[in-house]
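For reference, the chains in residue letters:
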Amino acid sequence: MTSDTLFSSAPPVTSAVGDALKECAQGATGGLETLARLTVPHLTAIARHFLDAPRDVEDVIHDTLVLAWHNVWRFDPAAESPHAWLMQVFASRLASQRLALATPADATPWRLDVDRVVLPPPLTDAQRPTLDALMTLYQQLPPASVDDALKARLCCAISLLDASRDMPLTPGGEPADPSLYDPSLGPRMSLSRLAQRAKGLVNRSLTLPLEHLALRLWLAQAPGSRPLEARGLPRRGIESRYGEALDVSVDPRRLLKQIHYPRSFPDRRERHRISDRLLWDGDWDLSTTHALSSRRMHFIADIWAHRRDPSQSRSYHQLAERLARGKPVASHSDGMVLDRPERILAYLRRYLLYMEAMACFGFDNGLGKDRLGAAVDRHGELVKINKGLHRMAMAQVIGIPRVEVRVRGIHRQWWDQVSEGAKGDTAMLRVLAALPDCRPSAAD
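Values in this document were obtained by computation on a predicted structure and should not be read as measured data.

Attention now goes to the packing of helix H2 (residues 17–25) against helix H5 (residues 82–102). Here H2 crosses H5 at 65°, and the two axes come no closer than 8 Å. The angle between the axes of H2 and H5 places the two elements in the roughly perpendicular class. Contacts between H2 and H5 involve Val17, Gly18 and Leu21 on the former and, on the latter, Pro82, His83 and Trp85. In the contact of H2 with H5, the residues fall into four nonpolar, two polar and no charged.

Following the sequence through the fold, Arg197 ends up in helix H8 (residues 186–219). Taking relative accessible area as the criterion, Arg197 reaches 52% and is therefore assigned exposed. Spatially, the C-alpha atoms of Arg197 and Met428 are 32 Å apart, while their sequence positions differ by 231 residues.

What follows concerns helix H14 (residues 314–324). Residues of H14 that are buried: Arg314, Ser315, Tyr316 and Leu319. Looking at the buried side of H14, the elements it contacts are helix H13 (295–305) and helix H15 (341–361).

Now for helix H6 (residues 131–140). By the burial criterion, the buried members of H6 are Leu134, Leu137 and Tyr138. Burial along H6 is one-sided: seen end-on, the buried residues are contained in an arc of 105°. Opposite the packed face of H6, turned more than 90 degrees from it, sit the exposed residues Asp132, Gln139 and Gln140.

The rules behind each value
Residues numbered from 1 in each chain as written. Predicted model: local features only at pLDDT ≥ 70, side-chain atom pairs only at ≥ 80, totals over all residues. Heavy atoms only, no water. Axes fitted to C-alpha atoms, helices over the stretch in contact; angles between N-to-C directions. Helix = DSSP H or I, 4+ residues; strand = E, 2+ residues; numbered from the N terminus. Parallel < 35°, antiparallel > 145°, perpendicular 65-115°, else oblique. Contact = heavy atoms within 4.5 Å. Nonpolar A, V, L, I, M, F, W, Y, C, P; charged D, E, K, R; others polar. Buried < 20%, exposed > 50% of the residue type's maximum accessible area, 1.4 Å probe, protein only. Arc of directions from axis to C-beta.

Take a look at the structure:
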């Protein structure tokens, strides 16, 4: 496929958008090609109505099509029309671009673990053009000519989607990103996937059944239950049994205090074991850091502020500097090596696309390797732990109003206070009833 054939003919826009989305949902890139032919000339005309720079128009339309492809499973034809759903994706991406134009990036250098990022204005529904206004423009504006740069970029995106079918799987079971994948890391990535599957098998067939048994003994206060509670209770068994009862809804911009693991758990063995327990002893909640000064927050806020041109971000220059020193960033679990500038840009844009999807569709607990995690400190307040840190930083930078965090650790002092001397099932129910009232700990 070439850029000429992609837009060589344009079927009537009123007929086949739904069928094109259906093809996309089935994994056929031909559906995305059809969707481009049907809609891009019209979307270009609308984008030019709001944006002056051709590059801004190109970014918005390219990302709209790619976001539609990756999120088409969310489309419900019984709930809305194909055009309306696509226009909502377009409206979100357009609002993000316009906000980027109105919010110049801060050029002041940030010192990691010292300076706190100033969160940008959140993206809100009020900033998006209304669906009615966009649909009116869609019908009234004549289709625009499509620039060669946009044609080439869309063709490249479709080619990469085709190539992903032949990519080896990451440990998480997803195809490696063909724009980042390096075959030299393929064997190590396969080994990581094998190790991950073996670990999952052991957890399902041995660890979790044993934890379920231990939990049943403790709930019933059977002989041996006291040592189980003294050791901290089996977290995975409790999470498997009670699931969403451990979730707490929070404003992510208020959950700014997070555990500093090396200081909270100086003993590496204890640091490793803590993930197996629900009850945490000691002074771990006294050694915390501020999320806005973390490395992940600096990275996410930086590339979001420079989303119009990621090559101007501090993160790009840091990665390029490592490349110049002959030490490019590599990840054998993802099979990627950032060994040339275009791969660095692809890596940054992948994160930006995650953020645009979150801005459009909201926070999705089902995505990512781990749910967002939190622990309850001795005062019954929530602090962030190292589960879902990148996605939490994204939610904080974008300004997602509410997210669900899964409580994976509880300070024993708070447990004892809430359970009021009760044991077993009674204690568990009292603590679960108190969790929804837990609020983020005030950051220093």
